[in-house]
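What the coordinates show
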Protein chains: 2
Amino acid sequence: MENNISIEKSKTTKIQDVDFNNLSFGSVYTDHMLVCDYKNGAWETPKIIPYGNLSLDPASKIFHYGQSIFEGMKAYKDEAGKIFLFRPTDNHARLNKSAERLAMPSIPESHFMEGLETLLKLEKDWIPTTAGSSLYIRPFMFATGVGFHASPADAYKLIIACAPSGAYFSGKVKVLIEQTYSRAANGGVGYAKAGGNYAGQFYPTKLAAEKGYQQIIWTDDNTHEYIEEAGAMNVFVRINDTLMTAPTNDRILDGITRKSILKIAEDEGIQTEVRKIKVSELVDAANNGSLKEIFGAGTAAVISPLAGFGFDGKDYDLPELEAPFSARLKKRITDIQYNRAEDKFGWRHEVK
Amino acid sequence: MENNISIEKSKTTKIQDVDFNNLSFGSVYTDHMLVCDYKNGAWETPKIIPYGNLSLDPASKIFHYGQSIFEGMKAYKDEAGKIFLFRPTDNHARLNKSAERLAMPSIPESHFMEGLETLLKLEKDWIPTTAGSSLYIRPFMFATGVGFHASPADAYKLIIACAPSGAYFSGKVKVLIEQTYSRAANGGVGYAKAGGNYAGQFYPTKLAAEKGYQQIIWTDDNTHEYIEEAGAMNVFVRINDTLMTAPTNDRILDGITRKSILKIAEDEGIQTEVRKIKVSELVDAANNGSLKEIFGAGTAAVISPLAGFGFDGKDYDLPELEAPFSARLKKRITDIQYNRAEDKFGWRHEVK
Ligand SMILES: Cc1ncc(COP(=O)(O)O)c(C=O)c1O
Ligand SMILES: Cc1ncc(COP(=O)(O)O)c(C=O)c1O
């Protein structure tokens, strides 16, 4: 361990209060967290301390200017109790990509990975083994430097916290294809995992929820003619036997689940296309019966098949297939994640 | 006082450490702050407490999902020591407009205004009387409710903090007309004073600063053909003797300085136009000599004349006029703000 991470152990544990058979998503936190401060142009040594409140100056720029980025990862435990991460260095790389766009400092891979692994080994009893559950990991970084001048802060904090979690969605998911609001601008920060991208989605999502939809499928802000992504998921569409998803651009998050699904689908012999997808194509395909599936893909929601979508005041149902691509692909990716199948692509990362 | 605001006085004061003749912008805070918590669907009674650190759960949604809005106001002291605000209920109304777009609760005008006035009376010695200085007031609201689920928080905090401040810019201001990055999407949150809108500007502004520009003039994200606003200011352009500014839309903040300047200009007999302004018009006007002035307008920067602009790799200087509109309009608006002239439009609000 080159970073000499210090560990201050919690005197108590909350683990006995957790019902591992009834986990919600991201609402109970483990006993410890990793904290790393950036000051005077350098990152200090990460430290692990008991999970607890932060003390922050009200002039810290996080409260004023939205310098806030995060990642979403999961730790999986196999039947033998071994702990795995899925493509974790991709999350690290994306965190740094987000940091650059938000004028925040990049974090060295060694700080991130060693900090994360040390934390996970300490919290290993918190990784659920109940089906469909995992330890959701939330690395996040924000501006602690102070000032009411609208300019980047001079100090930041990186924290990694963990939450044993069950499914992200409960029940059927219906989405609304958005025609008024948008999530991201050309030349904006949509491709970054920046806090502000999420707050901007809440109000339109609330309006959609009032009409009976759980999520929004975002379209381009200029024409609203092309589908982009959904809430915290990339979107896949199956027309006949072709599986397609939009190409990433500066408005779309380059999802790790998305790119893994593309690889697995190819490996399964499924025809894939990465190309712009018109809303009108979806509607036509729904009308003529060639639209077979739409599903969301993301770390939190894994693969979430949609029951239907709404557009222009009309609802379109999706068929219930016997052997949907979504189920096949979900089994393949989760089998890799939980160490139940061969790791053909070298994605698994054991924490030991 | 219907709200029974409680006041816990600070046992010490930092005021003797402040050099009121050399104030920077927004970097020294007064002894007290107003805090108001929103919980269980209702705002609690605002309280005034000593300015100091906040204690927050790391899972508070401010750190993850960017639910963060703010306002910028100033308190002015006249020669007799009377205290004035400028159109403060417009800031309150805009705070609520921002809150709605970010799915945050609206705050009653009485909480806001009584809280603000009580705080200002307590901090009255902190309001500078040195020329060009004022007490910058920063109301801000953010999500304290916890959870790693990307959905609106169930608890919020409103804080009002104050900072005796001098000029926002020092020296000449040159701007770059942006052709790659953008500030806001159609259907996005650009019209709200949301934290995330500012973080997204820092990186492009840093790139512009490396080329010698202090600010960016943002253009529409689709074509980059129309000028919108600059950093934390609306933009005015004078071609020959006509003063123009872009119409507000969902990408542009509806600035209180902007709308006041429009009124004052009309009152001065200056011809005004509120219409879309093409970058190519500016370039043509600069080339043929009809471009007389560009200035930014905002609470923090008041009226900031620009020395020139860069576009497409070329620099355009603005002439140094003897009696620019910017100086005339700045005198008119600051005379109203500091109670040195008749308040013809009823904008001044005395705190007594
Ligand atoms: C906006 C957005 N799109 C897509 C994704 C999916 O990305 P990943 O598969 O890397 O979790 C996420 C969630 O992480 C997201 O927040
Ligand atoms: C993006 C933006 N535009 C314009 C303004 C000017 O608005 P106002 O005159 O109300 O201060 C501000 C600052 O408040 C701002 O942040």
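Keep in mind it's a predicted model, so treat the numbers as computed, not measured. (Residues numbered from 1 in each chain as written. Chains lettered and ligands numbered in written order. Predicted model: local features only at pLDDT ≥ 70, side-chain atom pairs only at ≥ 80, totals over all residues. Heavy atoms only, no water.)

**Details of the site of ligand 2**
Residues and elements named next belong to chain B. The environment of ligand 2 is made up of 16 residues, and the closest members are Lys193, Tyr198, Glu229, Thr257 and Thr299. Between an oxygen atom of ligand 2 and a main-chain N or O atom of Ile256, the distance comes to 2.7 Å. Separating an oxygen atom of ligand 2 from a side-chain N or O atom of Thr257 is a distance of 2.6 Å. About the coverage of ligand 2: the protein hides 98% of its 380 Å² of free accessible area. Within the residue set of the shell around ligand 2, elements represented by two or more residues are β14 (233-239), α4 (256-267) and β17 (291-298). For the shell around ligand 2, a count of residues per class yields 6 nonpolar, 6 polar and 4 charged. (Near = heavy atom within 4 Å. Polar contact = N/O pair within 3.5 Å; in protein donor to acceptor, adjacent residues only side chain to side chain. Areas by Shrake-Rupley, 256 points an atom, 1.4 Å probe, with all protein chains shown as cover. Helix = DSSP H or I, 4+ residues; strand = E, 2+ residues; numbered from the N terminus. Nonpolar A, V, L, I, M, F, W, Y, C, P; charged D, E, K, R; others polar.)

**Notes on the UniProt feature "modified residue: N6-(pyridoxal phosphate)lysine" (unreviewed entry) in chain A**
As annotated in UniProt, the feature "modified residue: N6-(pyridoxal phosphate)lysine" (unreviewed entry) corresponds to Lys193 of chain A in the numbering used here. Setting aside anything within four residues of it in sequence, one finds Lys193 of chain A in contact with Ser68, Ile69, Phe70, Glu71, Gly72, Arg94, Ser98, Tyr198 and Leu253 of chain A. (UniProt positions renumbered as here; feature names shortened; annotations may be inferred. Contact = heavy atoms within 4.5 Å.)

**Overview of the site of ligand 1**
All names here are of chain A. Among the 16 residues in the neighbourhood of ligand 1, the closest are listed as Lys193, Tyr198, Glu229, Thr257 and Thr299. At 2.8 Å from an oxygen atom of ligand 1 is found a side-chain nitrogen or oxygen belonging to Arg94. Here an oxygen atom of ligand 1 and a side-chain polar atom of Thr299 are 2.6 Å apart. Considering ligand 1 on its own, with 390 Å² of exposed area, one finds that the protein chains cover 98% of that surface. Elements with a contribution of two residues or more to the shell around ligand 1: β14 (233-239), α5 (256-267) and β17 (291-298). Taken together, the residues of the shell around ligand 1 sort by class into 6 nonpolar, 6 polar and 4 charged.

**Considerations on the domain arrangement of chain A**
Residue and element names in this part refer to chain A. According to the domain assignment, chain A consists of domain 1 (6-165) and domain 2 (173-337). Placing a centre on the C-alpha atoms of domain 1 and another on those of domain 2 gives a separation of 27 Å. Each partner contributes residues to the interface: domain 1 has 20 residues there, and domain 2 has 21 residues. Buried area between domain 1 and domain 2, both sides added, is near 1800 Å², and the carbon and sulfur share of it is 60%. The tally of links between domain 1 and domain 2 comes to 1 salt bridge. Across the pair Asp90 and Lys259 runs a salt bridge whose closest N-O atoms are separated by 3.0 Å. Our count for the contact surface shared by domain 1 and domain 2 stands at 11 residue pairs in polar contact (both at pLDDT 80 or more). Counting residues per element, the ones that place at least two in the side of domain 1 that touches domain 2 are β6 (68-70), β7 (73-77), β8 (83-86) and α2 (88-101). (Domains from an automatic or database assignment. Buried area = accessible area lost by both parts, 1.4 Å probe. Salt bridge = Lys/Arg side-chain N within 4 Å of Asp/Glu carboxyl O.)

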